[in-house]
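If you want the building blocks of each chain, they are given just below.
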Amino acid sequence: MPEDAGVDVPALRQAAGGGLRVREMQAKLHRWARTDRCFRFDDLYNLVCDPATFAMAWDRVAGNKGARTAGVDRYTVRDIAERVGVEAFLAQIRDQLRQRRFRPLPVRERRIPKYGGKVRKLSIPAIGDRVVQAALKLVLEPIFEADFERVSYGFRPNRRAHDAIAEIHFYAGVMTETGVPENSETGTPQGGILSPLLANIALSVLDEHLMRPWKPGGVMSTQMRRKTRVAKNLPNWRLVRYADDFVVLVRGERHHVEALRDDITEVLAPLGLRLSRAKTRVVHMGEGFDFLGFHIKWMRKRGTNQWFVYTFIADKPVREFRRKIRALTHRRSQAGFATALTRINQIQRGWANYFKHAV
């Protein structure tokens, strides 16, 4: 057990600078969790209620683009700042938490249109609930991050979708013609600040299960062991996950992939999760698959006999991009010219930055 294992809240409060105090607290929590996986944290509630934690949580909520969107109470960040006052608002929530009287409000449901006439349900919490979730995330994330597998990339510090695509490139690039990826997705509610962390906590069970053979001493832990499995007609696999979307790259035959899919189904079942029949596919790398808006495919380089993994922009993001531009430029649109032009530039810039590494 670490020498500084006792969480000294008063000492944290006396440190200079609220932001620095929170970062120091996060570093300690992460270090203790890494040092001892069985370490018991018994003072986390006080850390969540700490004024410095709440101040940083408010900054995170206020700095998010959703700050202008109200929950069921119809209050935005600006409304709270002007009508209530930030300090009084945060003090009230902290008091409710300390007295165990805090109760979250129902979320406001917003339906966002998707291509093909479908809609995505977005849950919008009230501002106060967002602050509490952000405070919880500040305290809980460094603890659980210590145990998360490296194959998980969604909504984690210093990780992004492009890193997941790069890992697929690295491992798909060394697959043979018999390589088969499995693209599987499961659904979780969207909108809450804490939802991505909770999804990562739940699905870390899947990460640990599929990546156990890659641990030291495991049957896939070295290149020689993986080659031996190939010689024995046994499959090798690698998981890449982004929140509740994941790909399992398999070197083997179709029946190997189908058996692995059944295994994944059994692992997810106790969590109350299941694979989406509509979105789960078993495909050959030569056919390609879509992941995080990209289309990844194994192809022969033009004019050569060499095969490479290429990353293209998938069809769906292109269709969505066109739909948004059409909506802004429709002749019956009520938006002013300057407003429409600004919004079009924002969409184009964000879209181009995300897909700039695609072929």
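Before any of the text, the structure's been laid out above.
Predicted, not measured: the structure shown is a model, and the values here were computed from it.

Calculation notes
- What you see as residue numbers is a count from 1 along each chain, following the sequence as written.
- Reporting in this predicted model follows two pLDDT cut-offs: at least 70 for local features of residues, and 80 or more for side-chain atom pairs to be given and counted; totals over whole chains, interfaces and linings ignore these cut-offs and use all residues.
- Heavy atoms throughout the structure, all of them, feed into the side-chain values; hydrogens and water do not.
- Secondary structure elements follow DSSP: runs of H or I no shorter than four residues count as helices, runs of E no shorter than two count as strands, and numbering proceeds from the N terminus.
- All accessible-area figures derive from a Shrake-Rupley calculation using a 1.4 Å probe, and residue coverage is judged against the displayed protein chains alone.
- Working definition: rings of Phe, Tyr and Trp (its six-membered ring) pair if their centres are within 6.5 Å, and the pair is stacked with planes under 30 degrees apart, edge-to-face with planes over 60 apart, and tilted otherwise.
- Partly exposed residues are those whose accessible area sits between 20% and 50% of the maximum for their type, while under 20% is buried and over 50% is exposed, using a 1.4 Å probe and protein chains only.
- Whenever a helix is involved, its axis is fitted only over the stretch in contact; in every case the axis is a line through C-alpha atoms, and angles between N-to-C directions fall within 0 to 180 degrees.
- With respect to orientation, any angle under 35 degrees is reported as roughly parallel, any angle over 145 as roughly antiparallel, any angle of 65 to 115 as roughly perpendicular, and every other angle as oblique.
- Left-handed describes a crossing whose near helix is turned anticlockwise from the far helix by less than a right angle; the clockwise case is right-handed.
- Any pair of residues with heavy atoms lying within 4.5 Å of one another is described as a contacting pair.
- Residue polarity follows a fixed list, in which Ala, Val, Leu, Ile, Met, Phe, Trp, Tyr, Cys and Pro are nonpolar, Asp, Glu, Lys and Arg are charged, and the others, Gly among them, are polar.

Peer 1: Please explain the overall build of the protein chain as it appears in this structure.
Peer 2: When you go through the protein chain residue by residue, the secondary structure sums to 13 helices and nine strands. On the protein chain, roughly 20,900 Å² of surface is accessible, and the fraction owed to carbon and sulfur atoms is 51%.

Peer 1: How do you make sense of the packing of aromatic side chains when you look at a structure like this?
Peer 2: Aromatic ring pairs are described here by two measures, namely the spacing of the ring centres and the angle between the planes. The tally for this structure, following the rule as stated, stands at 14 aromatic pairs. Centroid distance Trp58 to Phe89: 5.9 Å. Interplanar angle 65°. Geometry classified as edge-to-face. Placement of the pair is Trp58 in helix α4 (residues 51-63) and Phe89 in helix α6 (residues 86-98), with a sequence separation of 31 residues. For the pair shown, Trp58 and Phe89 are each scored as buried.

Peer 1: So what exactly am I meant to see when it comes to the packing of helix α2 (residues 18-35) against helix α7 (residues 127-145) here?
Peer 2: The relative placement of two packed helices is expressed as an angle between their axes plus a distance between the axes. Contact geometry for α2 and α7: axes closest at 7 Å, N-to-C directions at 30°. Considered as vectors, α2 and α7 are oriented roughly parallel to each other. Note on packing geometry: the crossing formed by α2 with α7 is right-handed. Packed against α2, whose contacting residues are Met25, Gln26, Leu29, His30 and Ala33, the element α7 presents Leu138, Val139, Pro142, Ile143 and Glu145 at the interface. A class-by-class count of the residues in the contact of α2 with α7 yields seven nonpolar, two polar and one charged.

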